[in-house]
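Architecture and fold: a report
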Amino acid sequence: MKKILILSILILSAFPLIAFAGNNVVIEAKKQDMKIDQNKGYFDGDVKVTVGDITVQSPRAELDLDPKTKKPSLAVFYDNPYAFQNKDNKKHEIKSRIMKVSLIKKTVLAEGDTQSIILQNRQPIVTITADTQQYDTNTKLMKAKGNVIVNYKEVETLSGYAQAYLDKDGGVRDLKLEENVVIKEKQNILKGKKFEYLSAKDEYYLSGNTSSDLTFEDGSKLFLVSDYQQYNRATNNVIAGGNVNVKYKDYVAQGPKAQLFVDTKTQKPKEVVFTGRSKITQNGNTVEADRIRMTMEPKEFYADGNVKTTISGNDSMEIMP
């Protein structure tokens with residue numbers, strides 16, 4: 001759980017490449033053709049554009065001029081452009097088939113086989129691939145669409161859409177992943193239709209046919225299925241609601257709502273509390289109640305509220321002579 005939240009702090013922070021400060025724009029190329037009357041500029045051969053500490057390289061580029069001011073308004077880079085920025089011991093890179101930099105709207109749009117990488121001491125720490133990636137420096141909103149894959153250390157996320165608001169230091173305020181979300185961390189896999197990380201509450205919310213397949217250091221597994229799942233770092237517990245099903249070792253439990261408490265030191269589940277009419281089954285024995293508390297170590301359960309117990313036994317047993 002902790003690594004998933006750490007990922008949310010670093011994830012997708014490779015996008016704020018263009019700072020749009022008051023720096024001069026320097027354009028280098030083998031050929032440059034400026035058509036002022038047509039408000040266009042054409043650049044061919046080893047094109048290199050520098051804005052402050054930002055560099056964009058491509059085989060060719062086009063520049064649109066504002067009809068009134070004749071100042072650069074939009075730069076379009078073709079044929080697999082490459083943009084990068086160096087800051088201290090970090091380097092941010094973006095690659096794509098086409099890259100559009102709006103100097104008026106102050107946005108960067110990368111299209112086609114896009115890849116963003118953050119390197120620290122020349123080692124990649126975050127990698128993002130998608131069909132398109134866009135960053136708005138005014139709103140600090142990043143968007144990625146189509147086959148979005150994010151890799152951070154041992155964590156990988158897959159989704160059809162991603163967005164995040166970035167602060168001035170490149171940290172993530174809020175993060176959303178949508179469209180068949182899969183989050184993998186070693187042997188742990190989370191799935192759902194939508195994932196949201198809310199930085200103000202320091203919690204994530206997974207919704208839409210969710211499932212958590214967790215494997216712990218001792219080899220034990222916990223499988224949780226529900227309509228939604230919510231994890232809060234302060235309380236270190238998971239709340240699951242809607243058609244909740246939990247399988248842990250020889251326990252199988254069902255109910256409308258459950259709360260999974262996680263040990264802060266071991267990060268292993270220590271107990272699950274079901275509220276609403278719930279049922280737990282172990283080795284063929286079943287207990288139904290309005291509230292069921294299941295502990296992992298020691299392996300016990302407690303039930304209260306209209307409790308009904310069914311014990312598997314010999315069907316041929318007779319109590320009447």
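The rules behind each value
- Residues numbered from 1 in each chain as written.
- Predicted model: local features only at pLDDT ≥ 70, side-chain atom pairs only at ≥ 80, totals over all residues.
- Heavy atoms only, no water.
- Core = buried A, V, L, I, M, F, W, Y, C linked by side-chain atoms within 4.5 Å.
- Buried < 20%, exposed > 50% of the residue type's maximum accessible area, 1.4 Å probe, protein only.
- Contact = heavy atoms within 4.5 Å.
- Helix = DSSP H or I, 4+ residues; strand = E, 2+ residues; numbered from the N terminus.
- Polar contact = N/O pair within 3.5 Å; in protein donor to acceptor, adjacent residues only side chain to side chain.
- Pairing = 2+ DSSP bridges.

1. What to know about the nonpolar core
Within the largest apolar cluster, 46 residues are counted, with the highest numbers of intra-cluster contacts made by Phe195, Leu222 and Phe274. Among residues more than four places away in sequence, those in contact with Phe274 are Val244, Val246, Ala253, Gln254, Gly255, Lys257, Ala258, Asp290, Arg291 and Ile292. Grouped together as the second largest cluster of nonpolar side chains are 16 residues, Phe43, Val47, Met99 and Val101 included.

2. Brief notes about the side chain of Gln133
By the secondary structure assignment, Gln133 is in strand 10 (residues 123–136). Judged by relative accessible area, which is 3%, Gln133 ranks as buried. Among the polar contacts made by the side chain of Gln133, one reaches the main-chain carbonyl oxygen of Ile128 at a distance of 3.4 Å.

3. Side note on the pairing of strand 6 (residues 82–87)
Across four bridges, the pairing between strand 4 (residues 54–65) and strand 6 is antiparallel. Bridging from a neighbouring strand, Ile54 pairs with Gln85 of strand 6. Bridge analysis of strand 6 against strand 7 (residues 90–95) gives six bridges, and the strand direction is antiparallel. Paired with Tyr82 across the bridge in strand 7 is Lys95.

All quantities given are derived from atomic positions and should not be read as evidence of function.
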